Amino acid sequence: MPSSKRTEALYALLFISPFLLHLLIFFIFAFVRTIWFSFTDKTTLRDSYNFVGLQNFINLFGEERFLLALQHSIGFMLVVTTIQTFLALATAAVLNQRLRGITFFRTVYYIPSVLSSAAVTVIAIWFFQKTGFLNTFIGWVSAHSPVILALVGSFVLAQAVQVGLERMRGLPVAPTDPALAAISAVVAIALTWLLGAMGLVGPREARPPEFTWLTNPDSFLGLPIPLWSIVMLNIFTTIPTLMLIFLAGLQDIPKSVYEAAAIDGASPVQQFFWVTVPMLRPVTFLVVTLSLIGTLQMFDQVALMGDSAPLNSIIVMAYYVYNSVFSGEGQIGMASAAALVLAVLTFVVVFLQRTFGISEKAH
């Protein structure tokens, strides 16, 4: 090898050496030790330990808490990945429009992802309390439902009458025409106020529900109710980042493709499903893959919930590993085996998604 090439290789190795050192210590060395400890009965209380073979893995699948964590992690992954991918794509499609002040709205929608996870979780604990914001808000909506229904009904009626009159005049007006909608909104507000003044419509006594989100023992779709509160919290904090990825992908789609589709008579909805979605496949593949990995390894929001919810109702695989080491006898062997099961599960899920799910190739 020429001396210039050797010098170039030496400098390259010098620059990447911090990363290689970090990778060697915190990933490769830690991974090898985890594999070794998973076959031992090592704990934090004893220096000596014995080789136990596959006993830790056998014990894991006979332990109720581990099976709960496994069930919760898989359910959490399926629900959160599906909902947040759909909502992130829908939000990105809306924020990709050329509207006045769109930069402001993009900034506002991205704020949840830059907030501290600890701060958001503390707010969420108050949000989901029995007398917290969510139950209070539901009680307020329930009390004002007659007024809200009157307002919505008046708006729909006014809009339908206006669209009907315009079409009778031969004008091709859409049911969602914004100019007519503005007039309908004014008419609906005035009519609702008049009904209220006549005593025909008015709010009822507010009775917030006594639903307990964080201590409820019931389940919905196979997941405990307290875990659903973490589902909502995780979706709220993750959507902005995924929305940003989708937004970058949307802005890479050539405008000429939409123009050609419009010339062929495709409606905006048809353009979304037959142009946008197929051309976003590589981005969707990335988003789904990141979501699957992130949801399977979700830890911080469960840990920050602390004693606000029963552990067995919110425990997931990553927290099970942490809890096995830092509680009781500190079962490092069992925790290492559980960490390997989580790693294998993550690889299998990503492989299945890549093989049978969304492809990384655009159509």
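In the block above lies the structure referred to throughout.
Throughout what follows, the structure given in this document is the object of discussion. (Residues numbered from 1 in each chain as written. Predicted model: local features only at pLDDT ≥ 70, side-chain atom pairs only at ≥ 80, totals over all residues. Heavy atoms only, no water.)

Regarding the overall build of the protein
Argument step 1. Across its full length, the protein carries 16 helices and 2 strands.
Argument step 2. Relative to the globule expectation of 21 Å for 363 residues, the C-alpha radius of gyration of the protein, 27 Å, shows a markedly less compact shape.
Argument step 3. Taken over the C-alpha atoms alone, the protein extends approximately 85 × 65 × 35 Å along its principal axes.
Argument step 4. The buried share of the protein, reckoned over its 363 residues, is 36%.
Argument step 5. Restricting to contacts in the protein with at least 6 residues of sequence separation, those with at least 24 account for 72%.
Argument step 6. Surface accessibility of the protein: about 22,000 Å² in total, with carbon and sulfur atoms responsible for 71%.
Argument step 7. The positive charge centre, built from 18 side chains, and the negative charge centre, built from 17, are 8 Å apart in the protein. (Helix = DSSP H or I, 4+ residues; strand = E, 2+ residues; numbered from the N terminus. Rg over C-alpha atoms; globule rule 2.2 N^0.38 Å. Buried < 20%, exposed > 50% of the residue type's maximum accessible area, 1.4 Å probe, protein only. Contact = heavy atoms within 4.5 Å. Areas by Shrake-Rupley, 256 points an atom, 1.4 Å probe, with all protein chains shown as cover. Lys, Arg positive; Asp, Glu negative; His and termini not counted. Charge placed at Lys NZ, Arg CZ, Asp CG, Glu CD.)

As for helix α6 (residues 133-143)
Argument step 1. Buried within α6 are the following residues: Leu 134, Asn 135, Gly 139 and Ala 143.
Argument step 2. In this structure, the buried residues of α6 make contact with α5 (117-127) and α7 (145-168).

A short note on a nonpolar patch on the surface
Argument step 1. A grouping of Ile 123, Trp 126, Phe 133, Phe 137, Ile 138, Trp 140, Val 141, Ile 148, Leu 151, Val 152, Val 156 and Ile 189 is seen on the molecular surface, where their side chains present a nonpolar patch of about 1,100 Å² in accessible area.
Argument step 2. Broken down by secondary-structure element, the contributors of at least two residues to the nonpolar patch are α5, α6 and α7.
Argument step 3. The element contributing the most residues to the nonpolar patch is α6, with 5 residues. (Patch = residues over 30% accessible without salt bridge, like charges linked within 9 Å, V, L, I, M, F, W, Y side chains within 5 Å. Salt bridge = Lys/Arg side-chain N within 4 Å of Asp/Glu carboxyl O.)

With respect to the packing of helix α9 (residues 225-250) against helix α12 (residues 281-296)
Argument step 1. Where α9 meets α12, the axes come as close as 9 Å, and the angle between the chain directions of the two elements is 165 degrees. Taken as axis vectors, α9 and α12 run roughly antiparallel relative to one another. Seen from above, α9 lies across α12 with right-handed handedness. Contacts between α9 and α12 involve Leu 242, Ile 245, Phe 246 and Gly 249 from the first element and Val 283, Thr 284, Leu 286, Val 287, Leu 290 and Ser 291 from the second.
Argument step 2. Here the residues of the contact of α9 with α12 sort into 7 nonpolar, 3 polar and no charged. (Axes fitted to C-alpha atoms, helices over the stretch in contact; angles between N-to-C directions. Parallel < 35°, antiparallel > 145°, perpendicular 65-115°, else oblique. Left-handed = near helix turned anticlockwise from the far one by under 90°. Nonpolar A, V, L, I, M, F, W, Y, C, P; charged D, E, K, R; others polar.)

Examining the packing of aromatic side chains
Argument step 1. Under the counting rule described, the total for this entry stands at 17 aromatic pairs.
Argument step 2. Ring centres of Trp 36 and Phe 51 lie 6.0 Å apart, and the angle between their planes is 20 degrees; on these two criteria the pair is classed as stacked. Residue Trp 36 is located in helix α1 (residues 3-37), and its partner Phe 51 is located in the loop between α1 and α2 (55-60); the two are separated by 15 residues in the primary sequence.
Argument step 3. Relative accessible area serves as the criterion here: at 40%, Trp 36 is assigned to the partly exposed category. (Phe/Tyr/Trp six-rings, centres within 6.5 Å; stacked < 30°, edge-to-face > 60°.)

Here's the deal with the nonpolar core
Argument step 1. Within the largest apolar cluster, 67 residues are counted, with the highest numbers of intra-cluster contacts made by Leu 60, Phe 66, Ile 230, Val 231, Phe 246 and Tyr 320.
Argument step 2. For this core, the element with the most residues is α9, which contributes 13 residues.
Argument step 3. Apart from the residues within four sequence positions on either side, Leu 60 is in contact with Phe 66, Tyr 320, Met 334, Ala 337, Ala 338 and Val 341. (Core = buried A, V, L, I, M, F, W, Y, C linked by side-chain atoms within 4.5 Å.)

Details of the environment of Val 302
Argument step 1. In this structure, Val 302 sits in helix α13 (residues 300-305).
Argument step 2. By relative accessible area, Val 302 is classed as buried at 2%.
Argument step 3. Discounting residues that sit within four places of it in the chain, Val 302 has contacts with Ile 230, Ile 314, Val 316 and Tyr 319.

A closer look at unusual backbone geometry
Argument step 1. Positive phi values are uncommon outside glycine, yet Leu 221 reaches one of about 55 degrees.
Argument step 2. Classification of Leu 221 by relative accessible area gives exposed; the value is 69%.

Details of the packing of α6 against α7
Argument step 1. For the pair α6 and α7, interaxial distance at closest approach is 4 Å and the crossing angle is 60 degrees. Accordingly, the angle class assigned to the pair α6 and α7 is oblique. Between α6, through Val 141, Ser 142 and Ala 143, and α7, the contact on the second element is made entirely by Ser 145, Pro 146 and Ile 148.
Argument step 2. For the contact of α6 with α7, a count of residues per class yields 4 nonpolar, 2 polar and no charged.

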